[in-house]
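Descriptive structure summary
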Amino acid sequence: MQTRALIFDIQDLSIQDGPGIRTTVFMKGCPLRCRWCSNPEGQASYPELMHINTLCKKSYKCISACPYNAVQKNDIGCPQFNRDKCKSCTTRECVDSCPSHAIKFAGKYLSLDELIGRIKPNLPFYKNSKGGVTFSGGEPFLQSDFIKEFINETSSFGLSVGVETCGMFDWSGSKDIADKFDFFYYDLKCLERTMHKSYTGSTNDAILSNLENLSKLCADKITVSVPVIPGFNDTEIQMKAIAGYCNELGIKKLRLLPYHSLGENKYLDLGSEYRMEKNLSVDQKQLKTFLNIIESTGLKCWVE
Ligand code: SF4
Ligand code: SF4
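As a starting point, this report considers the structure included with it. (Residues numbered from 1 in each chain as written. Chains lettered and ligands numbered in written order. Predicted model: local features only at pLDDT ≥ 70, side-chain atom pairs only at ≥ 80, totals over all residues. Heavy atoms only, no water.)

Under the criterion given, the structure shown has three cavities of 30 Å³ or more. Here the largest cavity is characterised by a volume of approximately 110 Å³. Residue classes in the lining of the largest cavity are distributed as 11 nonpolar, one polar and four charged. For the second largest cavity, the calculated volume is near 70 Å³. Forming the walls of the second largest cavity are 13 residues, and the residues nearest its centre are C56, K58, S59, C62 and C98. Here the lining of the second largest cavity is composed, by residue class, of seven nonpolar, three polar and three charged. (1 Å grid on protein atoms, 1.4 Å probe; cavity = no way out; pocket = protein on both sides within 12 Å on 5 of 7 lines; lining within 4 Å. Points joined across faces, edges and corners; volume = space filled by probe spheres on them. Nonpolar A, V, L, I, M, F, W, Y, C, P; charged D, E, K, R; others polar.)

Shown next as structure tokens:
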């Protein structure tokens, strides 16, 4: 039994992550490293220091506050965190020292009671709108024991519970909760194995096998989510192939998620590098063509 979960965000009154009014719970930790990921703070399975560069007013108080000398001025006069020296210390004096609130830790451990207490005030909204809770991430199934407990403990609340998954998880540890979810948003980025590995850090073997297993149990609950990424999968051939594969599995719904670079600054805040080219965008006409191609195979398709 997993008594607490590492969560990096909770968003209330969400209307995009499933039916009705919802709370989206972002679970931290993901086995993939998609180059375009807009939530890089959700990837590592531990709390991570973020120095939010756009908020930093260069007071340099963090430099003197850190007992481990982990912060120094860089060439252009900005505080720079040396992540090898940072001990993620429990006192986190750098965080408290910053008058601009430019330092934070992404990821906090919450107990089941804390999470349930957090969502309880929203119960009337969920009830009136037939909404509920969506687990997102990161990859929620990395913490599937906690989600199991959550579903068991809240079974009398009448919540709709859904999950957004990248599909990369251990099927044997998660299959017994598959039937407890009301819906799945299941990422399918591309069918080609080598290309998948090059852009996400991992092949898609487990992702495809899990989708096949899941669709045997509940194809009607699955919406396949396809991020449309320039230079990766934005071709008619790839869209046709994905649509054909979904049809073979009996899946009826597919949503297209056009690439955006809104998460780019977060890479800098985490001290890492954004590996997508600058100024990429998805052409609206091309998107419409993809939508038509997919719909022509009989799938219900929309763009989000
Ligand atoms: S699967 Fe999602 S959360 Fe994980 S790295 Fe890819 S885009 Fe980010
Ligand atoms: S978390 Fe602690 S060790 Fe890391 S930079 Fe802040 S004060 Fe220094």
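On we go from here.
What holds strands together in a sheet is hydrogen bonding between their backbones, with the strands either parallel or antiparallel. Spatial ordering of the open sheet is given by β7-β1-β2-β8-β9-β10-β11-β12-β13, a layout of nine strands whose pairing is mixed. Edge positions in the open sheet fall to β7 (108-111) and β13 (300-303), since each of these has one partner strand only. With strand direction ignored, the average angle separating the axes of adjacent strands in the sheet is 30°. Where strand β12 (residues 253-258) meets β13, four bridges bridge the pair, whose relative direction is parallel. Note that in β13 the partner of K253 across the bridge is K300. The sheet contacts of helix α3 (residues 112-119) involve β1 (4-14), β2 (22-27), β7 and β8 (132-137), and relative to β7 the element is tilted by about 85°. (Pairing = 2+ DSSP bridges. Helix = DSSP H or I, 4+ residues; strand = E, 2+ residues; numbered from the N terminus. Axes fitted to C-alpha atoms, helices over the stretch in contact; angles between N-to-C directions. Contact = heavy atoms within 4.5 Å.)

Near ligand 2 you find L49, C66, P67, Y68, F81, C86, K87, S88, C89, E93, C94 and F105, and these make up its full shell. Judged by its atoms lying within 2 Å of the grid points, ligand 2 is housed in the largest cavity. Here the residues of the shell around ligand 2 are counted per class, giving nine nonpolar, one polar and two charged. (Near = heavy atom within 4 Å. Sits in = over half its atoms within 2 Å of the grid points.)

Bringing unusual backbone geometry into the picture now. G137 connects to G138 through a cis peptide bond whose omega is 5°. Looking at the element boundaries, G138 is found in the loop between β8 and α5 (144-153). Unlike most non-glycine residues, N279 shows phi in positive territory, near 55°. Structurally, the position occupied by N279 is in the loop between α10 (264-269) and α11 (284-296).

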